[in-house]
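For reference, the chains in residue letters:
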Amino acid sequence: MSAPNIDSSTVHGRGIFFDGVTTARHDVVVELAPRTLHVHGVDGSVLAQWSYDELETLSSPEDVLRLGRAGNAVLSRLEIKDPQLAAAIDERSLPVDRTGRIERWLRAKVIFWSIAATASLILVAVVAMPLIATRLTPLIPYAIERRLGAAIDAQTRMSLNEGNRSGVPLDCGSAEKEQAGRVAFEKLIRQMEMAAGLPLPLKATVMRKPEANAITLPGGHIYIYEGLVGAARTPDEFAGVIAHEFGHVAHRDGTRKIVQDAGLALLFGMLLGDFIGGGAVVVAAKTLLRTSYSREVEAAADGYAVVLMTKIGGDQRALATILSRIAGGTHAEPKILVDHPETNDRVVAIEAMASSTPRRPLLTQTEWAALKTICAEQ
Amino acid sequence: MTHFDAAGSAAHASLSAPQSIARFVGRGETFWRLLSCGAVLLMFTLGIYRFWLTTDVRRYLWSNTELVGESFEYTGTAYELLLGFLIALALLLPLYAAFFLLTLAPNNIWSLLGLLILILLGHYAFYRARRYRLTRTIYRGVRFHQTGSAILYSVCAVLWWALIVLSVGLAYPFAQSQLERFKMRHTFFGNLPGRFEGSGWHLLVRGLPLWAFTVVPLAIGTVAAMLAIDWNAINTASRADIPGTRTEASGFANIDVIIALTGAWLLGSIAFLYPVFHAIMLRWWVSGLRFGDVAVRSHLRIARVFGIYARFFGYAILFTAIAGVLLVAGAFGLSKLAGAPSSMRGEIITTVLSLGAYAAMALGYWTIYQATVKLGVWRYVVESLEVSNLAVLEGVAAAGEAASPIGEGLADALNVGGSGI
């Protein structure tokens, strides 16, 4: 700031000057003229004349004011240790920032907008990302979903088969004594597939895994774990769970999950980088967000299951029955971290949707008994 | 003469008085304050603030390092780092998308190729980031700069690392000396060319005991674990009907013991030996640096570096204790406040808070590490320097131009330490 109120007569002081051409050090006299700063050598030669407006404060130790010329390719430097001379220059020059006040103001703006950006990023992740994924997924052709599904199927099988040294195949139903079970299983699936009218061919299989669970991958791959065959007391309970998985296929939930994951990875992983352990936080946040989406997804699949069970003449409430029985055994995990919403809520919702409709047996007694032995080979 | 002259000549006298050749004049509290504010802001901006924090840290370290009475200067800005990151993002995003699609292909060769490309890119980024940092380093009005092909460097680095793996670490000293030669051969201070004279053999001799303490037990442990498995028993047992016999007959129980012993030995020796390794590397590296006729020697002692690490562990333990008490108190308070823990809302709040607590802990350790080890080692390296032929530094001519920050951005996006010092 050119300050007319202070003594505008020329002020002198000592400094050290580097001309930016060589490393030679010049002890200099600094002269503060009204509009420019003059740098003289001890022999009186003029080394530099800088106007106050083009001065720039550079990083330096705390007791030194280091000045350069803004935007100059030649890195000439003037260093002043004398605090009074430094203050006098600061008063005359607008850009000189001896106390760091300008820098602090700029920094405050950076901080404010970074926090604002973070808040809006989180908002997008929580609110907009599920909507985007829902809109985007129908645009993905089924041909791509099937290729994606085939790749994920191969990967998932490999990880499921890890540690299996027994030599018995992962899929149930291939051995001699499992043939009858497979016929019954295929009959059930065929009935359901006819009623459902899915836009892509279904590939359902029972797998030698002890958990009472079933999973659906993109491209119509449904894995039913052996534990579920044991846990189901009636064909309708078994069909109810499969109908729920049919819902995931029809709603393309696997593909949508991939779209969502890619979006979240983009938002958090790439954009924000990994400064220190930030990666772990991002993974945890992703799990949290994904879980909160998955509650609606599961509810929608339950709704689909009720409709499909009605179409094939099965018991609409059977899914609720088996759900509450399986969940009764395992309730220790924190609910936020498991994929399925609170079982009680689901059971209540399914009961509310169910109505009395004509029923017919899905499998005969013999067929159901055979299906129970689909994983007989051990 | 005005009163300014009197003060000026006093300052001048103190400048020309004989001083130790290299010293660090920064105050520790300034650095602690810088880092702890930075850590809080990193947390609330999910890391966006890192460009500013990195720049602040470098400014502090550079400008407080003095050589013959003149301090260094860091002229890089946070905006440049941000720009570099954005450029890297533009380049890497399509690459990542391509890798994602390739990993879906059933052929695993593609994933391996992708990994190799990422490793090459990492070294490439490291070299270009070094160029950026050097050209933003000014001493006496003259900048450093770096020439040489980053692509060639990354190929060399990958080949050397492959050799290190194949030789169970024995090639490490030679890899370091050759890569450092490459870097320093292309490094200049103004028109003064740099070079590196550290010998791989010398480093090998110094580091051999460390190697014997860590790599040899690891190798023995692995071999012992392999031998402990009775492969015939596995083959017979796998046909047996009772699954339990499989593990018992095959000696898997012994393996657990061997693995646990090897792991414990490795953890213990690494905690004690890492400071030693760090000290040996630093002393060897600094003593090999040359710029024209200017030669550097380091008188760094292992015991002092050990002390620096001990200080880190002290602070870390203190921090853990305090944070632990706060966490327990917080959890207790929360359980009173949230009431029904089963409610969805309560769960989300708890999860978000635990995430925050985790991030705060991680950033706390990071801050302590930077303020004790990073700063302590930097200060000690500077103070233990001996520089000869300093007169050469008086007549160096300026050369080189400021380089693009793209390398820093790539290194940051690839997490290869671009945001470090």
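Criteria and thresholds
- Residues numbered from 1 in each chain as written.
- Chains lettered and ligands numbered in written order.
- Predicted model: local features only at pLDDT ≥ 70, side-chain atom pairs only at ≥ 80, totals over all residues.
- Heavy atoms only, no water.
- Helix = DSSP H or I, 4+ residues; strand = E, 2+ residues; numbered from the N terminus.
- Buried < 20%, exposed > 50% of the residue type's maximum accessible area, 1.4 Å probe, protein only.
- Areas by Shrake-Rupley, 256 points an atom, 1.4 Å probe, with all protein chains shown as cover.
- Axes fitted to C-alpha atoms, helices over the stretch in contact; angles between N-to-C directions.
- Parallel < 35°, antiparallel > 145°, perpendicular 65-115°, else oblique.
- Contact = heavy atoms within 4.5 Å.
- Pairing = 2+ DSSP bridges.
- Disulfide = S-S within 2.5 Å.
- Core = buried A, V, L, I, M, F, W, Y, C linked by side-chain atoms within 4.5 Å.
- Expected span 1.5 Å × (residues − 1).
- Bend = angle between axes of the 7 residues up to and from the residue.
- pLDDT = per-residue confidence, 0-100.

> Describe the overall build of chain A, with residues and values.
Along its length, chain A carries 11 helices and 10 strands. Split into buried and exposed, the 378 residues of chain A put 46% on the buried side. Summed over its atoms, the accessible surface of chain A is roughly 18,100 Å², and 59% of this surface lies on carbon and sulfur atoms.

> Could you give an account of the packing of helix H6 (residues 150-166) of chain B against helix H7 (residues 172-185) of chain B, naming the residues involved and the relevant values?
Residue and element names in this part refer to chain B. Close contact between H6 and H7 brings their axes to 9 Å; oriented N to C, the two are set at 170°. As judged from the angle between their axes, H6 and H7 are roughly antiparallel. Here Leu152, Tyr153, Cys156, Ala157, Trp160, Trp161 and Ile164 of H6 lie close against H7, whose contacting residues are Tyr172, Phe174, Ala175, Gln178, Leu179, Phe182 and Lys183.

> Which residues make up the sheet that holds strand E4 (residues 46-51) of chain A, and what values do they have?
Residues and elements named next belong to chain A. Across the sheet, which stays open at both edges, the 7 strands sit in the order E4-E3-E2-E1-E7-E6-E5 with antiparallel pairing between neighbours. Edge positions in the sheet fall to E4 and strand E5 (55-58), since each of these pairs with one other strand and no more. Adjacent strand axes in the sheet meet at a mean angle of 35° when their direction is disregarded. As judged from the 3 bridges shared by strand E1 (residues 11-18) and strand E7 (residues 77-80), these two strands associate in the antiparallel manner. Paired with Phe18 across the two strands is Arg77, which belongs to E7. Relative to strand E2 (residues 26-32), helix H1 (residues 83-92) is tilted by about 45°, and along the sheet it contacts E1, E2, strand E3 (36-41), E5, strand E6 (65-69) and E7.

> Kindly report on the pairing of E6 of chain A, identifying the contributing residues and their values.
Residue and element names in this part refer to chain A. Of all 5 residues in E6, 4 are buried; the element is thus mostly enclosed. Two elements, E5 and E6, share 4 bridges in a ladder whose sense is antiparallel. Bridging from a neighbouring strand, Glu56 pairs with Gly68 of E6. Alignment of E6 against E7, held across 3 bridges, turns out to be antiparallel. Counted as the bridge partner of Arg66 is Glu79 from E7.

> Kindly report on the state of the cysteines, identifying the contributing residues and their values.
Residues and elements named next belong to chain A. Tallied over the full model, the rule gives 1 disulfide over all chains. Sulfur-sulfur distance for the disulfide between Cys172 and Cys375 comes to 1.9 Å. In this structure, the disulfide formed by Cys172 and Cys375 twists by about 100° around the S-S bond and is classed as right-handed. Of the two residues, Cys172 is situated in the loop between helix H3 (142-160) and helix H4 (179-196) and Cys375 in the segment after helix H11 (365-371); the sequence distance between them amounts to 203 residues. Judged on exposure class, the residue Cys172 and its partner Cys375 are both buried.

> Residues and numbers for unusual backbone geometry, please.
Even without being glycine, Arg252 of chain A reaches a positive phi, approximately 55°. With respect to the helices and strands, the residue Arg252 of chain A is situated in the loop between helix H6 (235-251) and helix H7 (253-272). Although it is not a glycine, Asn389 of chain B sits at a positive phi angle of roughly 60°. If you trace the backbone, Asn389 of chain B turns up in the loop between strand E10 (385-388) and helix H14 (406-413).

> Explain the sheet that holds E10 of chain B to me, and be specific about the residues and the numbers.
Residue and element names in this part refer to chain B. Taken together, 10 strands build an open sheet; the order of strands is E1-E2-E3-E4-E5-E6-E7-E8-E9-E10 and the sheet is antiparallel. A single partner strand is all that each edge strand has here, and the edge strands are strand E1 (22-24) and E10. Mean inter-strand twist for the sheet, computed between neighbouring axes without regard to direction, equals 25°. Here strand E9 (residues 294-298) pairs with E10 via 4 bridges, running antiparallel. Within E10, the residue paired with Ser298 across the bridge is Leu385. Contacts from helix H5 (residues 109-135) reach strand E3 (70-74), strand E4 (137-139), strand E5 (142-146) and strand E6 (187-189), with the element oriented near 170° to E5. Contacts from H7 reach E6, strand E7 (192-196) and strand E8 (289-291) within the one sheet, and its direction differs from that of E7 by about 180°.

> Which residues make up the nonpolar core, and what values do they have?
In terms of nonpolar packing, the biggest core is built from 76 residues, with Phe189 and Leu393 of chain B touching the most fellow members. Looking at this core element by element, the count peaks at 10 residues for helix H13 (residues 344-383) of chain B. Those residues in contact with Phe189 of chain B that lie beyond four places of it in its chain are Thr23 of chain A together with Tyr139, Val142, Arg143, Phe144, Phe291, Leu393 and Val396 of chain B. With 42 residues, the next largest nonpolar core counts Ala243, Leu323, Val347 and Ile374 of chain A among its residues.

> Now, about helix H2 (residues 101-136) of chain A: what can you tell me, with residues and values included?
Residue and element names in this part refer to chain A. Taking 1.5 Å of rise per residue, 36 residues should cover 52 Å, and H2 covers 48 Å from first to last C-alpha, within 8% of that figure. Taken as a whole, H2 carries its principal kink of about 50° at Ala128; the proline Pro130 stands between one and four residues after it. By the burial criterion, the buried members of H2 are Arg107, Val110, Ser114, Thr118, Leu121, Ala125, Met129, Pro130 and Ala133.

> Now, about the confidence of the model for chain A: what can you tell me, with residues and values included?
All names here are of chain A. Of the residues in chain A, 86% have a pLDDT of 70 or more, and the chain-wide mean is 82. Of all the helices and strands in chain A, H7 carries the lowest mean pLDDT, 76, while E7 carries the highest, 93. Predicted confidence is poor over residues 1-6, with pLDDT under 50, and the contacts of this stretch with residues over four places away or in other chains come to 10 contacts. For the stretch residues 330-339, pLDDT sits under 50, and the model shows 17 contacts to residues farther than four places along the chain or on other chains.

> Please give an account of the pairing of E3 of chain B that cites residues and values.
Residues and elements named next belong to chain B. With respect to burial, E3 is a largely interior element, 5 of its 5 residues being buried. Here 2 bridges tie strand E2 (residues 65-67) to E3, and the two strands are oriented antiparallel to one another. By the bridge assignment for E3, Leu67 is matched with Glu70. A loop of 2 residues connects E2 with E3, the two strands running antiparallel in sequence, and Val68 in this loop sits at a positive phi of about 45°. The pairing of E3 with E4 spans 3 bridges and is antiparallel.

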